[in-house]
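Residue strings, one per chain:
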Amino acid sequence: MNFLLPFFLLLTPMKIQQTIPNDRDAELGLIGACLDGKFDDVRAAGVGEDHFFDLKCASLWRTMNKLDAAKTAVTSATVMHAAKLTPTIEVSDVLAAESACPSPLNWSYFADIIDEKRKARRVMEVGQKLSELACTTDSPEQLSSDAEATIFELNTSIAAQKDTRGESFQRVIDILDDAHKGGQIGIPTGYHPLDKILGGMRGGQLITLAARPAVGKSAMACNIAEKLVMNGTPVGFFSFEMSDDELNLRMLCSLSDTNLVGDVINGNLDRANREKVMVRAAQFAPRLRNAPLFINDNGNLTVAQIASHARRMVRTHGIKLIIVDYMQLIQPSSEDRKAQRHVQVGNITRGLKQLAMELNIPVLGLAQLGRQTMGKPMLSDLRESGSIEQDSDVVVFLYVADPRMQEGPKMLVNLAVGKNRAGRQGVVDLVFVRNKLRFETTFGHEVWLDAKAKEKQG
């Protein structure tokens, strides 16, 4: 029977003894440095309670923080006195910490060791969490998205912890200082009057650009993307209506100030003039080709899949803005396919807002207004408006206020900021040069606008 034993062992799962990463000696050494005058330095370096795996060391750390909050100096004597009143630690624990740190100058050495152990414990926790999710989930697609989000969060959280509130105040001060000096806050749209109202597009914001069909919301999104990428700002563009060829053609028209669709593709010009248009466009094509624009034209993506692609774009290319054209065309998740439409759209907009917060970059989502909308739109005109209006930080409407203010390819359009959590509302006038798929400020069009206004009055 002995010959069966090796085969039996192959069939029996081996239990691997796992040791949770920690280093008690280093933790005691860091506590000892704190007792010897380095508490402020250690805490300022980002050390927190979760750095300590040993229960005694964690309790000593909490005790020191309580003493400091009570304006009591953190010393061996004060901690030793507090130990007599704290059931979770003893005087011997304080003495052990003192013995573990011969010199307080070694505190950074101990801090680095326990920080690496903390990171390892965090990785282990994430692995266990994902393993538990895999056993209970009914949606592999959602599990994949959750796993990717967890890993993305892990990549940032395993960095040494810092005083996040202090960092926040410093960022606020920097923003105010930049604004005072006239600097741009947030990602610019490229339209100065709009940027003055919005203060730029800021990290964590969900910005909705809404319009009736055929008013030009996709052209506006292309213009914003084009202006950014030509200045070196990476942009991720998710298109549910047009292919990457169409988007690139539109941007090339706008950038080169040419009517490639009408003059060249549709043959509205003779051969000689077509060549002139082609030569001009060719001058700009290499720059646009090399610009950091990353287009995904898969029209069957769910919001979870958009999030997965966006995380990779941020990680690989450092994108600063995500554009989604348009939100109501995003596919519902497998769990939502039988849900009512307003529930589906609610989960989509909530997912995009969460993505903006997670990646700390703005998400510009285009939305469709109903064809029955006339004049200046209101928030209630948004299709499936409840969730879009609620989840958006900014809602901008693109509309034609007066159909008479157009001539040939030129059309006067308005951008109305209907919701702005970070500032005021307002209306901006733009001229849409339709054959070149480009929105321009009214500067340079004053003569035309005056003539049309007089014509309207007469």
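Before reading further, recall that the structure is shown in the block above.
K.L.:
If you had to explain a negative patch on the surface to someone new, which residues and values would you point to?
P.N.:
On the surface, Asp244, Asp245, Glu246 and Asp297 cluster together into a negatively charged patch. Its location among the elements puts aspartate 244 in helix H11 (residues 244–256).

K.L.:
For the nonpolar core, give the residues involved together with the corresponding values.
P.N.:
Of all hydrophobic cores here, the largest spans 50 residues; its most connected members are Met220, Phe237, Ile323, Leu398, Leu415 and Phe439. Excluding residues within four positions of it along the chain, leucine 415 makes contact with Leu194, Leu209, Met220, Val396, Phe397, Leu398, Gly426, Val427, Val428 and Leu430. By size, the runner-up hydrophobic cluster in this structure holds 31 residues, among which are Phe240, Ala310, Ile330 and Ile348.

K.L.:
Which residues make up the side chain of arginine 438, and what values do they have?
P.N.:
Tracing the backbone through its elements, the reader meets arginine 438 in strand S10 (residues 438–441). Classification of arginine 438 as buried rests on a relative accessible area of 19%. A polar atom in the side chain of arginine 438 sits 2.9 Å from the side chain of aspartate 257. Ignoring any residue separated from it by four or fewer positions in sequence, one finds arginine 438 in contact with Asn223, Ser254, Asp257, Val431, Phe432 and Val433.

K.L.:
Could you give an account of the pairing of S10, with specific residues and numbers?
P.N.:
Residues in a regular strand project their side chains so that they alternate between the two faces of the sheet. Both strand S9 (residues 426–433) and S10 contribute to a ladder of four bridges, which runs antiparallel. Of the residues in S10, the one forming a bridge with leucine 430 is threonine 441. Taken together, S9 and the strand that follows it, S10, pair antiparallel across an intervening segment of four residues, in which leucine 437 is found at a positive phi of about 55°.

K.L.:
Can you lay out the packing of H11 against helix H13 (residues 271–290) for me, pointing to particular residues and giving the numbers?
P.N.:
Closest axis-to-axis distance for the H11/H13 pair is 9 Å, and the angle between their directions is 120°. The angle between H11 and H13 falls in the class oblique. H13 is crossed by H11, and the crossing has right-handed handedness. For the pair H11 and H13, the contacting residues are Asn248, Met251, Leu252, Leu255 and Ser256 in the first and Arg280, Ala281, Phe284, Ala285 and Leu288 in the second. Taken together, the residues that form the contact of H11 with H13 break down as seven nonpolar, two polar and one charged.

K.L.:
Give a description of the pattern of salt bridges that names residues and reports values.
P.N.:
Evaluation of the coordinates by the stated rule reveals 18 salt bridges. Measuring nitrogen to oxygen at the nearest pair gives 3.1 Å for the salt bridge that ties lysine 452 to glutamate 455. Of this pair, lysine 452 and glutamate 455 both sit in helix H17 (residues 446–457), three residues apart, roughly one helical turn. Linked through salt bridges whose partners overlap, the residues forming this network are Asp115, Glu116, Arg118 and Lys119.

K.L.:
Describe in detail the environment of leucine 55, supporting the description with residues and values.
P.N.:
By secondary structure assignment, the location of leucine 55 is in helix H3 (residues 55–69). Each C-alpha atom of the pair leucine 55 and threonine 88 lies 8.4 Å from the other, and the pair is 33 residues apart in sequence.

K.L.:
Help me get a handle on the packing of aromatic side chains, residues and values and all.
P.N.:
The way to describe two aromatic rings as a pair is by their centre distance and the angle between their planes. Counted under the stated rule, the structure contains four aromatic pairs. Aromatic side chains phenylalanine 52 and tryptophan 61 sit 5.3 Å apart centroid to centroid with 35° between the ring planes, which places their arrangement in the tilted category. Given a relative accessible area of 3%, tryptophan 61 falls into the buried group. Residues phenylalanine 432 and phenylalanine 439 carry aromatic rings whose centres are separated by 4.2 Å and whose planes lie at 5° to one another, so their mutual orientation is stacked. Residue class for phenylalanine 432 comes out buried when judged on its relative accessible area of 6%. Ring pairs connect the aromatic residues Phe39, Phe52 and Trp61, which therefore count as one cluster. The residue whose ring lies beneath lysine 217 is tyrosine 326, and the NZ or CZ to ring-centre distance is 5.3 Å. The ring centre of tyrosine 191 lies 5.0 Å from the NZ or CZ of lysine 227, which sits over that ring.

Cut-offs applied
- Residues numbered from 1 in each chain as written.
- Predicted model: local features only at pLDDT ≥ 70, side-chain atom pairs only at ≥ 80, totals over all residues.
- Heavy atoms only, no water.
- Patch = residues over 30% accessible without salt bridge, like charges linked within 9 Å, V, L, I, M, F, W, Y side chains within 5 Å.
- Areas by Shrake-Rupley, 256 points an atom, 1.4 Å probe, with all protein chains shown as cover.
- Salt bridge = Lys/Arg side-chain N within 4 Å of Asp/Glu carboxyl O.
- Lys, Arg positive; Asp, Glu negative; His and termini not counted.
- Charge placed at Lys NZ, Arg CZ, Asp CG, Glu CD.
- Helix = DSSP H or I, 4+ residues; strand = E, 2+ residues; numbered from the N terminus.
- Core = buried A, V, L, I, M, F, W, Y, C linked by side-chain atoms within 4.5 Å.
- Buried < 20%, exposed > 50% of the residue type's maximum accessible area, 1.4 Å probe, protein only.
- Contact = heavy atoms within 4.5 Å.
- Polar contact = N/O pair within 3.5 Å; in protein donor to acceptor, adjacent residues only side chain to side chain.
- Pairing = 2+ DSSP bridges.
- Axes fitted to C-alpha atoms, helices over the stretch in contact; angles between N-to-C directions.
- Parallel < 35°, antiparallel > 145°, perpendicular 65-115°, else oblique.
- Left-handed = near helix turned anticlockwise from the far one by under 90°.
- Nonpolar A, V, L, I, M, F, W, Y, C, P; charged D, E, K, R; others polar.
- Phe/Tyr/Trp six-rings, centres within 6.5 Å; stacked < 30°, edge-to-face > 60°.
- Lys NZ or Arg CZ within 6 Å of the ring centre and 35° of its normal.

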